[in-house]
2 protein chains.
Amino acid sequence: MDRKAGKGKVVVIGMGPGEIDQMTIEAYRAIEESDVIAGYHVYVDLVRDRFPDKKIITTAMRREEERCALALQEAENGADVAFVCSGDAGVYGMAGLIYEMAQDYPSVEIQVIPGVTAALSGAARLGAPLIHDFALISLSDLMTPWEKIEKRLRMAAEGDFAIVLYNPSSRKRADYLQKACDILLEVLSPDQVCGTVRNIGREGEVTRICTLAELRDVQVDMFTTVFVGNQSTRRIGDRMVTPRGYARERQAADSK
Amino acid sequence: MDRKAGKGKVVVIGMGPGEIDQMTIEAYRAIEESDVIAGYHVYVDLVRDRFPDKKIITTAMRREEERCALALQEAENGADVAFVCSGDAGVYGMAGLIYEMAQDYPSVEIQVIPGVTAALSGAARLGAPLIHDFALISLSDLMTPWEKIEKRLRMAAEGDFAIVLYNPSSRKRADYLQKACDILLEVLSPDQVCGTVRNIGREGEVTRICTLAELRDVQVDMFTTVFVGNQSTRRIGDRMVTPRGYARERQAADSK
């Protein structure tokens, strides 16, 4: 690296759901202009063939701290590091941890380039479930007490938000979606329109539309994103659509 | 149009915050491959110079019904229509209305290409405020009763969600952000970290970090997106960062 030390930066990049063309033009260019690509190996593998000359830094799953530290050290030594995340780096992603840890690397500039998170890419596959107010809730209790997750599920249901569930299941948490549905069913109708998308934008993508009562017994995994409609959401053919209120306006226009 | 009638489609495209390179590669290609570009003139103007050969369909603000009908008619006649929206077409965008109206155009295929909504692009500018669960709420009561908006504000605050406010103000609703803050202040601390971004990703972009008490008296307009942190959100330098819980893990690692 022949750059002057202390002039490097870490650009935290949301790559979107997976395929290269689902990232923004700005995100692609930032990788192109970087010296180093860092990230969880699954995401780095999506782009490394396009950029054979870049230095690559990967660490295993759950080694987020180490990965961030390595990226910050490279930047401290003068490199421009593209730190890649799936979806959006600012939604359950690494942007927060990078900012926290960057306090120990005051010479390093941090920049975040947003990407399409699974709520948006999954919604596009299901139709238009998130047209109005919605809430994102992760069911992972790895770093959040389950009581807090339960409370958020209740509040989101009481507020008639459309709801997107991230991390709905894992091997150790096989019944978490069922538990979440039971809480939602205390408030919402069993007929509320719901949907799931597995492997959004990747090979083997599967979408499903069902009722909240049915969702309770759907088998999901960590590659699935779950959508619960609000009271106005309805099924149109094989799509899940939440109106914004235009129906009223439309009716008025039609009756002219 | 020399295509066979009945084979057209409407591709509803989220363009992201504004500049061309903030849209996904997939979105750009879909415009490139279309015969017609439709949309609100402000958004169409962002891309029309790049595609001088395309037929253009625009209508004025508030003429969403008419704009969708024209796009669907073009597709029914065999054209591929790129229907462009700012941000994400599925978040307070046109994807829902297109699906609703498309019921009257059964031969037309509908596809949605997601984009970076203001919650994500604004968050990237402010730091990392949306790292954990969050809720999106529009303060526009044009098509939603204000009581419903109030309820959602209360539930989001009770659930300790980070909150993003869309449409925080307009000429007719100059005091809506103040009203919203007063409701949030019934539940949240006046010191809760908040942020605003105006003209995200466009010329004249302005970011601001403040407390919830200060936010109450900030002047905002319809080009501003407002962020309210959750209980864990803190200010790091000039950034707003919500931890995911890694701090605990980090401390454990440091003490080894």
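Whatever comes next refers back to the structure up there.
The paragraphs below set out a description of the structure included in this document. (Residues numbered from 1 in each chain as written. Chains lettered and ligands numbered in written order. Predicted model: local features only at pLDDT ≥ 70, side-chain atom pairs only at ≥ 80, totals over all residues. Heavy atoms only, no water.)

This part takes up the nonpolar core. Leu153 and Leu215 of chain A together with Leu153 and Leu215 of chain B are the most contacted members of the largest nonpolar core, which has 54 residues in total. Residue contacts for Leu153 of chain B: discarding those within four places in its chain leaves Ile137, Leu139, Leu165, Ala180, Ile183 and Leu184 of chain B. Among the nonpolar cores identified, the runner-up in size contains 40 residues, and Ile209 of chain A together with Tyr92, Leu136 and Ile209 of chain B belong to it. (Core = buried A, V, L, I, M, F, W, Y, C linked by side-chain atoms within 4.5 Å. Buried < 20%, exposed > 50% of the residue type's maximum accessible area, 1.4 Å probe, protein only. Contact = heavy atoms within 4.5 Å.)

Taken as a whole and judged by the stated rule, the model has 30 salt bridges over all chains. Across the pair Asp133 of chain A and Arg152 of chain B runs a salt bridge, and its minimum N-O distance is 3.0 Å. Of the two residues, Asp133 of chain A is situated in the loop between strand 6 (127–128) and strand 7 (134–138) and Arg152 of chain B in helix 6 (residues 146–158); the pairing between them involves two chains. Each member of the pair, Asp133 of chain A as well as Arg152 of chain B, is classed as buried. Residue Arg154 of chain A pairs with Glu150 of chain A through a salt bridge whose shortest N-O separation is 3.5 Å. Within this pair, Arg154 of chain A and its partner Glu150 of chain A are both found in helix 6 (residues 146–158), separated by 4 residues, close to a single helical turn. Classification of Arg154 of chain A by relative accessible area gives partly exposed; the value is 27%. In this structure, a network of salt bridges that share partners links the residues Asp133 and Asp160 of chain A together with Lys148 and Arg152 of chain B. (Salt bridge = Lys/Arg side-chain N within 4 Å of Asp/Glu carboxyl O. Helix = DSSP H or I, 4+ residues; strand = E, 2+ residues; numbered from the N terminus.)

Moving on, we get to the interface of chain A and chain B. At the interface, 73 residues of chain A touch 73 residues of chain B. Carbon and sulfur atoms make up 56% of the surface buried where chain A meets chain B, a total of about 6,600 Å² over both sides. Inspection of the chain A/chain B interface yields 10 salt bridges. One salt bridge in this structure joins Asp160 of chain A and Arg152 of chain B, with 3.5 Å as the shortest N-O distance. On the surface where chain A and chain B come into contact, there are 33 residue pairs in polar contact (both at pLDDT 80 or more). Across the side of chain A that touches chain B, the residue classes tally to 35 nonpolar, 17 polar and 21 charged. (Buried area = accessible area lost by both parts, 1.4 Å probe. Polar contact = N/O pair within 3.5 Å; in protein donor to acceptor, adjacent residues only side chain to side chain. Nonpolar A, V, L, I, M, F, W, Y, C, P; charged D, E, K, R; others polar.)

Another aspect to go through is the packing of aromatic side chains. On inspection of all chains with the given rule, the structure shows 8 aromatic pairs over all chains. Ring centres 4.9 Å apart and planes at 55° place the aromatic pair Trp146 of chain A and Tyr176 of chain A in the tilted group. Pair noted here: Trp146 of chain A is in helix 6 and Tyr176 of chain A is in helix 7 (residues 176–185), with a separation of 30 residues, a long-range link. Across the pair, exposure class does not vary: Trp146 of chain A and Tyr176 of chain A are buried alike. With a centroid separation of 4.9 Å and an interplanar angle of 40°, the aromatic rings of Tyr92 of chain B and Tyr166 of chain B are classed as tilted. Taken together, the positions of Tyr92 of chain B in the loop between strand 4 (80–85) and helix 4 (95–101) and Tyr166 of chain B in strand 8 (residues 162–166) put the pair 74 residues apart, joining distant regions of the chain. Exposure remark for Tyr92 of chain B: the relative accessible area of 10% places this residue in the buried category. Under the relative-accessibility criterion, Tyr166 of chain B is labelled buried at 10%. (Phe/Tyr/Trp six-rings, centres within 6.5 Å; stacked < 30°, edge-to-face > 60°.)

For the match of chain A to chain B, the screw axis carries a shift of 0.0 Å, the RMSD comes to 0.0 Å, and the turn is 180°. The symmetry that links the two subunits is that of a two-fold axis. Comparing contact sets, 99% of the residues at the interface of chain A also lie at the interface in chain B, consistent with an isologous, same-surface contact. (Least-squares fit on C-alpha atoms with pLDDT ≥ 70 in both.)

So, on to helix 1 (residues 25–33) of chain B. Every buried residue of helix 1 of chain B is accounted for by Ile25, Glu26, Ala27, Tyr28, Ala30 and Ile31 of chain B. Buried residues along helix 1 of chain B sit in contact with helix 1 (25–33) of chain A together with strand 1 (9–14), strand 2 (36–40), helix 2 (41–47), strand 4 and strand 5 (109–113) of chain B.

This part takes up the sheet that holds strand 10 (residues 206–211) of chain A. If you walk across this open sheet you meet the 10 strands as 10(A)-9(A)-11(A)-8(A)-7(A)-7(B)-8(B)-11(B)-9(B)-10(B), and the pairing is mixed. With one partner strand each, in any of the chains shown, strand 10 of chain A together with strand 10 (206–211) of chain B form the two edges of the open sheet. On average, each strand axis in the sheet is inclined to that of its neighbour by 15°, with strand direction left out of account. The pairing of strand 7 of chain A with strand 8 (residues 162–166) of chain A spans 5 bridges and is classified as parallel. Within strand 8 of chain A, the position partnered with Ile137 of chain A by the bridge is Leu165 of chain A. The sheet strands contacting helix 6 of chain A are strand 7 and strand 8 of chain A, and the helix crosses strand 7 of chain A at an angle near 165°. Sitting on the sheet, helix 6 of chain B touches strand 7 (134–138) and strand 8 of chain B, and the angle it makes with strand 7 of chain B is about 165°. (Pairing = 2+ DSSP bridges. Axes fitted to C-alpha atoms, helices over the stretch in contact; angles between N-to-C directions.)

What follows concerns the packing of helix 6 of chain A against helix 7 of chain A. Residue and element names in this part refer to chain A. Close contact between helix 6 and helix 7 brings their axes to 9 Å; oriented N to C, the two are set at 45°. One element, helix 6, and the other, helix 7, form an angle in the oblique class. For the element pair helix 6 and helix 7, the recorded crossing hand is right-handed. For the pair formed by helix 6 and helix 7, the contact residues are Trp146, Glu150, Leu153, Arg154 and Ala157 on the first element and Tyr176, Lys179, Ala180, Ile183 and Leu184 on the second. Classifying every residue of the contact of helix 6 with helix 7 by side-chain character gives 7 nonpolar, no polar and 3 charged. (Parallel < 35°, antiparallel > 145°, perpendicular 65-115°, else oblique. Left-handed = near helix turned anticlockwise from the far one by under 90°.)

Looking now at the side chain of Lys54 of chain A. All names here are of chain A. Along the polypeptide, Lys54 turns up in the loop between helix 2 (41–47) and strand 3 (55–59). Looking at Lys54, its side chain comes within polar contact range of the main-chain oxygen of Glu32, at 2.5 Å. Residues within four places of Lys54 in sequence aside, it is in contact with Ile31, Glu32, Glu33, Ser34, Asp35 and Ile37.

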